[in-house]
Structure formats: structure tokens, C-alpha cells
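# Chains, contacts and geometry: an overview
The chain contents come next:
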Amino acid sequence: MAVSLLANEVSDLCIGKPAVRSLPLSAAAGELAAALRRVARSGAAACVAVTGPARAVAGRVGLADVLCFLCTEPDALARPAAALAKPVSALLPKDGAGEVRRVDPRSSILEALDAILSGAQVLAVPLRAGGRKKQLAGGAAAGGDFCWLTQEDLVRYFLNSIGLFYHVAARSVSSLGLVRTDYLSVRPGESALSAVPLIRRAVASETAVAVVTEDGHLVGEISPALLAACDETAAAAIATLSVADLMAYVDYFGSPPEHILRAIKAGLKDKGLNAMLDLIEDETLSSFSSLSASSSSDEESGRTQLRRPSSGSYGRRSAEEPVVCSPASSLVAVMVQALAHRVNYVWVLDEDDDCRLAGIVTFADVLRVFREQLQ
């Protein structure tokens, strides 16, 4: 089984993947925010690589990183323009969380799997010109381009060969010990600002923060993917709203309910965050159509601004409820469910306990099951 499954190389999983957008460590955080808006509009994964000397990959950052930075950096909310002028290196985690590891495209699938399970959040794979034959010959693409290889890619790879794992595929996630109880969670009435450390951990672990009632019921989530639908002005919402109101703000980003906007403005005024308040009250909030027409010219001019996204992202998102399963759900069912919804985790609700939140199944733990089977 292992011989046939692991005969492929990392490069085989990267066929058709686009080159990752990247910025140097010295680029301004505002530049990063503009790049993330362009990536989001293109439909690509809303993350940008940060590269150092010789294009060494220093990290991967998304909008959630920008928001956490603005909400925790001293005086960032009071002076957002100055904060966004700081280099993107200031956004990278200091504790090594969210490690990006570079791997050779000729590495085996097993080597890639071990790299992920040993702590790498994502793998950077150099793109080679001319397809597999030239890859084998060592031909490199011009400019040192690379793509991401993620947990999702590896889970999809094993799902395509799930028949080889029939003895575990139909077993429940509970019987396999995959239901983690150490998930990240907050209460709906808590301050959204208090959840920022948890959001940082969710970014590093490729999961989300569960929003759970006092009696243990899951009512929503705050995830890096959902925050990516916003822009950097969402830092004002995080700084002033409750967790429940933040979920509503994200769900209706661009045209949130009036009471949410009033709460944000009142909160900013109470905190003396006048610069952020001016941005929120700017006429571009209500006349975003004119902003859409001028966005490309402003970005090309290199000006650092806080800006709403293009008009195509306004109105209520086509948001879905958090993806859930039961302890009795099979491994293969959970894999299919997560991949269909493009998430790296599934929440587990206990049907025998009034559907209270029982835990979380993550792709990292799913991959450990396959690694054990390959031994």
C-alpha cells in the first residue's frame, strides 16, 4: 500500500497551482493590506508570502494577521496610518507559530507529511518550468516562484486513495480518538477584543474560535477565512463590539445593520480613537461605488489607505453555518465534509447531550491517522 501511494512526489500535488504572491520583509503593512485585497478579488487564497534575502520565505500572512496587529500594537488603533506604515516583519509571530517550511519539489509525499506533522503550518514548494520531466532534471522557474502545499492538499490526496485505508475510513472519529476537547472558544457576550489572542492561535493552528453559549451550544465561529472577507477597517469592529455583534458585522460586511455601525462609532468615540472614527465616518462607507472606480488608480500610486473592498463584495455574504458532525461520523465522511466546505476542521456536536459542542476534528489530526497507517 505504502509503495503505490507514496510513489508520487510533492511536485505531483502542485500541478496547476499558481505562484504565490509575495512581498519583502521591508514592505509596509498597508502595502500588504492592498495586496490582500487584490488577491481576494482574484478569487485566490487570501494569503501573501513574506520573503527575506534570496527570496527565503519568512512567513505567510493574511487579513487576520493585519487585524490582530492593529488591535494589539500599541497606539495602532489611535494612529492606524502610522501602524500601516510599519514593515510587514512586525506582523510575523515572534513565537515561531505558523511556520512556513520550504521543501524540494522532488521530495516524497511522506517527507511532506512529516514536515506538516512536525510543526510546519504550510509548505513552500518551488515551481519548476516545463512540467515533471524538467523538474526531475532540476529546471527552476524564473524568479524563484513557489506555491503553497497545505494540509488540505494532503487530505485530498489521501481521500483520493481512501480505498487503501478501508479499515479506518469507515470508523467513527470518536473511536479513532480524533475529537479534541481543547478547542478555542469565547462567549457571545464577551468583548471581541478579548478574543484577539485566540484568533492568533486559530491562524497558527488553521482552525477557528468557537462562539459557545453558557450552556455549551455552538452559535457561530470567528475564523481567519471569515475575517478575510473584510478589510483592515474591521479592526474598529473588533475593538468596540461584542463577539456576537462582530459575527453580525462580518456576516454583513460592507452593509452592516445600522445599530452595529452606531455601536462601533460610539465605542471609538468613547475610547478616543478619533483617527479610526474619521475613517469609519468617511463618505466612502456610504458611497463605495465611487471608491470601486478609483481603487485601482490609488493602489497603483502606492498610497497607504484604509479602504473598503470593491463593490462586488458588499452586502450579506453567502455565509454558511459552522461545519459540524457527530462523534459517530466516519473518518471519510468528515474528510469529504471539510473539503467540500474548504475548511481544515469540523466541529463535533454530541447528539446525546442536546447537541452541545463536544470538540473539534482537525486536518492535522486526520493526517496523523494516515501517517500511523503508513507505518
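What you are looking at is a predicted structure, and each value in this text was computed from that prediction instead of being measured.

A count of helical and extended segments in the protein chain gives 18 helices and 12 strands. Per-residue burial for the protein chain yields a buried fraction of 50% across its 375 residues. The long-range fraction of contacts in the protein chain, counting pairs at least 24 apart against all pairs at least 6 apart in sequence, stands at 67%.

Reading across from one edge, S1-S2-S3 is the order of the three strands in this open sheet, with mixed pairing throughout. On the outer flanks of this sheet lie strand S1 (22–24) and strand S3 (57–62), each paired with one strand and no other. In this sheet, adjacent strand axes meet at a mean angle of 30° when their direction is disregarded.

With burial as the criterion, each face of strand S6 (residues 146–149) is covered, one bearing Phe146 and Trp148 and the other bearing Cys147 and Leu149. Pairing between strand S5 (residues 120–126) and S6: four bridges, direction antiparallel. Directly across from proline 126, in S6, lies its bridge partner phenylalanine 146.

On to the side chain of arginine 60. Position of arginine 60 among the secondary structure elements: in strand S3. Arginine 60 gets classed as buried once you look at its relative accessible area, which sits at 15%. For arginine 60, the contacting residues outside a window of four places in its chain are Cys47, Val48, Asp65, Val100, Gln121, Val122, Trp148, Thr150 and Glu206.

Counting residues in each nonpolar core, the largest one holds 58 residues, and the members touching the most others are Leu32 and Tyr249. Among the elements that make up this core, the one with the highest residue count is helix H4 (residues 63–72) (eight residues). Counting 55 residues, the second-largest nonpolar core is a separate cluster that includes Ala120, Val334, Phe363 and Phe370.

For sheets, the rule is that strands pair by backbone hydrogen bonds, running either parallel or antiparallel. Read across the open sheet, the three strands follow the order S7-S8-S9; overall the sheet is mixed. Both edges of this open sheet fall to strand S7 (185–186) and strand S9 (218–222), since each of them pairs with a single strand only. Running at roughly 135° to strand S8 (residues 209–212), helix H10 (residues 196–205) makes contact with S7, S8 and S9 of the sheet. In this fold helix H13 (residues 243–251) packs onto S7, S8 and S9, with an angle of close to 65° to the strand it touches most, S9.

Summary statistics for the protein chain give a mean pLDDT of 84 and a share of 82% for residues scoring 70 or more. For the stretch residues 131–143, pLDDT sits under 50, and the model shows 20 contacts to residues farther than four places along the chain or on other chains. Scored below 50 in pLDDT, residues 283–318 makes 59 contacts in the model with residues more than four places away or belonging to other chains.

You can see arginine 187 is positioned in the loop between S7 and H10. Note on arginine 187: relative accessible area 28%, which makes it partly exposed. Spatially, the C-alpha atom of arginine 187 lies 9.6 Å from that of leucine 218, the residues being 31 residues apart in sequence. Apart from the residues lying within four places of it in its own chain, the contact partners of arginine 187 are Val211, Val212, Thr213, Glu214 and Val243. At 3.4 Å, the side chain of arginine 187 and the backbone oxygen of valine 212 are in polar contact.

One way to put it is that helix H8 (residues 151–159) packs onto helix H18 (residues 363–374) with a least axis distance of 10 Å and a crossing angle of 45°. With respect to H18, the axis of H8 lies oblique. With respect to the hand of their crossing, H8 and H18 are arranged in left-handed fashion. Residues Gln151, Glu152, Leu154, Val155 and Phe158 of H8 pack against Phe363, Ala364, Leu367, Phe370 and Leu374 of H18. Residues belonging to the contact of H8 with H18 are distributed by class as follows: eight nonpolar, one polar and one charged.

Tallying each qualifying case throughout the model produces zero disulfides. Here cysteine 14 stays unpaired: no disulfide links it, and the sulfur of cysteine 147, its closest cysteine neighbor, is 3.5 Å away. According to the relative accessible area criterion, cysteine 14 is buried, its value standing at 7%.

Moving on: the pairing of S8. Residues Val209 and Val211 point to one face of S8 and Ala210 and Val212 to the other, with burial holding for every one of them. In the sheet, S7 pairs with S8 via two bridges, with the strands oriented parallel. Looking at the pairing, valine 186 lines up with valine 211 of S8. With respect to chirality, the unit in which S7 leads through H10 into the neighbouring parallel S8 is right-handed. Summarising the sheet, S8 and S9 pair through four bridges and their orientation is antiparallel. Its bridge partner lying in S9, alanine 210 is registered against glutamate 221. Counted along the chain from S8 to the antiparallel partner S9, the turn is five residues long, and its residue glycine 216 has a positive phi close to 90°.

Attention shifts here to unusual backbone geometry. Phi is positive for arginine 342, close to 55°, though the residue is something other than glycine. Positionally, arginine 342 belongs in the loop between helix H17 (331–341) and strand S11 (345–350). Taking the relative accessible area as the measure of exposure, arginine 342 reaches 57% and is therefore exposed. You will see that cysteine 355, though not glycine, has its phi angle at about 60°, which is positive. With respect to the helices and strands, the residue cysteine 355 is situated in the loop between S11 and strand S12 (356–362).

Rules used throughout
- In every chain, residue numbers begin from 1 and rise along the written sequence.
- Where totals are concerned, whole chains, interfaces and linings use all residues; where local detail is concerned, this predicted model gives features only for residues with pLDDT of at least 70, and gives and counts side-chain atom pairs only at 80 or more.
- Excluding hydrogens and water, the side-chain figures rest on all heavy atoms present in the structure.
- Elements are defined by DSSP. Helices are runs of H or I of four residues or more, strands are runs of E of two residues or more, and each kind is numbered from the N terminus.
- Think of it in three bands: residues with accessible area under 20% of the maximum for their type are buried, residues over 50% are exposed, and the middle band is partly exposed, with areas taken using a 1.4 Å probe on protein chains only.
- Here a residue-residue contact requires only that any non-hydrogen atoms of the pair lie within 4.5 Å.
- Only strands joined by at least two bridges in the DSSP assignment are considered to pair.
- In this analysis, axes come from line fits to C-alpha atoms, helices being fitted only over the stretch in contact, and the angle between any two N-to-C directions falls in the range 0 to 180 degrees.
- What we call a nonpolar core is a set of buried Ala, Val, Leu, Ile, Met, Phe, Trp, Tyr and Cys residues that are connected through their side-chain atoms within 4.5 Å.
- Per-residue confidence from the predictor is reported as pLDDT, which spans 0 to 100.
- In protein, a polar contact means a hydrogen-donor-capable atom and an acceptor-capable atom, both N or O and within 3.5 Å, with residues adjacent in sequence counting only if both atoms are side-chain atoms; elsewhere, any N or O pair within 3.5 Å suffices.
- In what follows, roughly perpendicular refers to angles from 65 to 115 degrees, roughly parallel to angles under 35, roughly antiparallel to angles over 145, and oblique to any angle outside these ranges.
- A clockwise turn of the near helix away from the far one marks a right-handed crossing, whereas an anticlockwise turn of less than a right angle marks a left-handed crossing.
- Any residue that is not Ala, Val, Leu, Ile, Met, Phe, Trp, Tyr, Cys, Pro, Asp, Glu, Lys or Arg is counted as polar, Gly included; the first ten are nonpolar and the last four charged.
- Pairs of cysteine sulfur atoms within 2.5 Å are what we label disulfides.
- If the strands point away from the viewer and the path from the first strand over the helix to the second runs clockwise, then the crossover is right-handed.

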